[in-house]
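Chain by chain, the residues run as shown.
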Amino acid sequence: MAVERQTTISRKVSCAGIGVHSGARARLTLLPAPAHSGIRFVRIDAAAGTGEILAHAEAVSDTQLGTTLSNEHGTSVAVVEHLLAAVAGLGIDNLRIEIDGPEVPIMDGSSSVFYELLLQAGQRALGVARRRIRVLEAVEVRDGPKRASLSPTHNDVLTLRARIEYDDAHIGVQQMAMRLAPGMFARDLAFARTYGFARDVEMLRAMGLALGGSLENAVVIGDDGVMNPEGLRIEDEFVRHKMLDAVGDLMLAGAPIAGDYDAVQPGHALNNKLVRKLLATPSAWCWEDAGVQAAMEDVRAAV
């Protein structure tokens, strides 16, 4: 088996749209980046030298209805998880993301637009081995009935299981499991849209949230069910979106994770606590060069 190489995109691509919470319009430009640089957001509207934000769990400053990253200058970018999920789903390690506003555009509420944009950009391999985080022992976080864990796996990719439970009969109980193998994100998760309840809209807007939300960028559930004229894209779209969010949030570990993620009632706050706990527990994980161990075993078998 060949050693896996770090990747970036081949050419720059752009899109624009409004933020679901701020309602502010922003333009997003994705550019190639060198090996070991990771995923970095750059607020090009910020003062010189204050706009760069590393996409990492330690940079998470808010998890209310989305994941917000901030740097030491107080510069922030909100709702990063859908874009990061697409980046993770395509296995891109290094990327520069320039944005001229405070919030990543919501687009249609899923990762589909970002995924297609990254496909258009293409990928190229860089001259260094790809690293992943190998989970060695289980870690878990809880918040009342909510819980999430990461545990060891024999796989070289992330395996996800999630369960959501709502009193609302239009969602009810949904659960799903999948491996984040090549192609699976596009097939199973990328299209799943964010969602909310019509009864909460006035409260959220009074809090300065959901100012850009609409039936064009979110699934909205009313008293009589889904209010979107087109309905759901798939019956269990709700749990699939929670899985999509988890893929984006877990990418903030700083590298792909080889481990089993299992969650009940997951959310951005719980996901961030889980990643922080993993990274803060040295015995629970190690760095691993992707493909190196398998390549060594292939050589030994051939001798």
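Higher on the page you've got the structure.
Presented here is a report on the structure given in the accompanying data block. (Residues numbered from 1 in each chain as written. Predicted model: local features only at pLDDT ≥ 70, side-chain atom pairs only at ≥ 80, totals over all residues. Heavy atoms only, no water.)

**Digging into the overall build of the protein**
Then, number 1: Helix and strand counts for the protein stand at seven helices and 20 strands.
Then, number 2: Computed over the C-alpha atoms, the radius of gyration of the protein is 19 Å, within 12% of the 19 Å expected from 2.2 N^0.38 for a compact globule of 303 residues.
Then, number 3: By the burial criterion, 54% of the 303 residues in the protein qualify as buried.
Then, number 4: Across the protein, the fraction of contacts at a sequence separation of at least 24, relative to all contacts at a separation of at least 6, is 73%.
Then, number 5: In the form shown here, the protein has an accessible surface area of approximately 13,400 Å², with 52% of it arising from carbon and sulfur atoms.
Then, number 6: Charge separation in the protein, taken as the distance between the mean sites of 30 positive and 38 negative side-chain charges, equals 5 Å. (Helix = DSSP H or I, 4+ residues; strand = E, 2+ residues; numbered from the N terminus. Rg over C-alpha atoms; globule rule 2.2 N^0.38 Å. Buried < 20%, exposed > 50% of the residue type's maximum accessible area, 1.4 Å probe, protein only. Contact = heavy atoms within 4.5 Å. Areas by Shrake-Rupley, 256 points an atom, 1.4 Å probe, with all protein chains shown as cover. Lys, Arg positive; Asp, Glu negative; His and termini not counted. Charge placed at Lys NZ, Arg CZ, Asp CG, Glu CD.)

**Notes on the pairing of strand β15 (residues 173-179)**
Then, number 1: Residues Gln174, Met176 and Met178 of β15 are buried on one face, while the alternating residues Val173, Gln175, Ala177 and Arg179, pointing to the opposite face, are not.
Then, number 2: Bridge analysis of strand β14 (residues 158-165) against β15 gives seven bridges, and the strand direction is antiparallel. Note that in β15 the partner of Thr159 across the bridge is Arg179. (Pairing = 2+ DSSP bridges.)

**Quick word on helix α6 (residues 268-279)**
Then, number 1: Look at α6: 17 Å from first C-alpha to last across twelve residues, which is about the 16 Å you get at 1.5 Å a residue.
Then, number 2: Turning to α6, its buried residues are His268, Leu270, Asn271, Asn272, Leu274, Val275, Leu278 and Leu279. (Expected span 1.5 Å × (residues − 1).)

**A short note on the sheet that holds strand β16 (residues 195-197)**
Then, number 1: Taken in spatial order, the three strands make up an open sheet running β16-β17-β18, and their pairing is mixed. Two strands in the sheet have a free side with no partner beyond their single neighbour: β16 and β18 (225-226).
Then, number 2: Bridge count between β16 and strand β17 (residues 219-222): three bridges; the pairing is parallel. The partner of Gly196 across the bridge, within β17, is Val220.
Then, number 3: Those strands touched by helix α5 (residues 237-250) are β16, β17 and β18, and its axis lies near 135° from that of β17. (Axes fitted to C-alpha atoms, helices over the stretch in contact; angles between N-to-C directions.)

**What to know about the pattern of salt bridges**
Then, number 1: This model, assessed by the stated rule, comprises 19 salt bridges.
Then, number 2: Here Glu52 ties to Arg40 by a salt bridge, and the two come within 3.1 Å at their closest N and O atoms. With Glu52 in strand β5 (residues 52-54) and Arg40 in strand β4 (residues 39-43), the pair connects residues that are twelve residues apart, well separated along the chain.
Then, number 3: Since its relative accessible area comes to 40%, Glu52 is described here as partly exposed. (Salt bridge = Lys/Arg side-chain N within 4 Å of Asp/Glu carboxyl O.)

**Quick look at the pairing of β14**
Then, number 1: Note: β14 against strand β19 (residues 257-264), six bridges, orientation parallel. Looking across to β19, one finds that Arg163 is bridged to Val264.

**Considerations on the packing of aromatic side chains**
Then, number 1: This structure, assessed with the given rule, holds five aromatic pairs.
Then, number 2: Plain terms: the ring middles of Tyr166 and Phe197 are 5.9 Å apart, the flat faces sit at 50° to each other, and that makes the pair tilted. Placement of Tyr166 in the loop between β14 and β15 and of Phe197 in strand β16 is noted, with a sequence separation of 31 residues between them.
Then, number 3: The partly exposed category is assigned to Tyr166, whose relative accessible area is 25%.
Then, number 4: The class for Phe197 is buried, based on a relative accessible area of 10%.
Then, number 5: Between Tyr195 and Phe238, the ring centres sit 5.0 Å apart and the planes meet at 80°, which makes this aromatic pair edge-to-face. Of this pair, Tyr195 sits in strand β16 while Phe238 sits in helix α5, and the two are 43 residues apart along the sequence. With respect to class, Tyr195 is no different from Phe238; both count as buried. (Phe/Tyr/Trp six-rings, centres within 6.5 Å; stacked < 30°, edge-to-face > 60°.)

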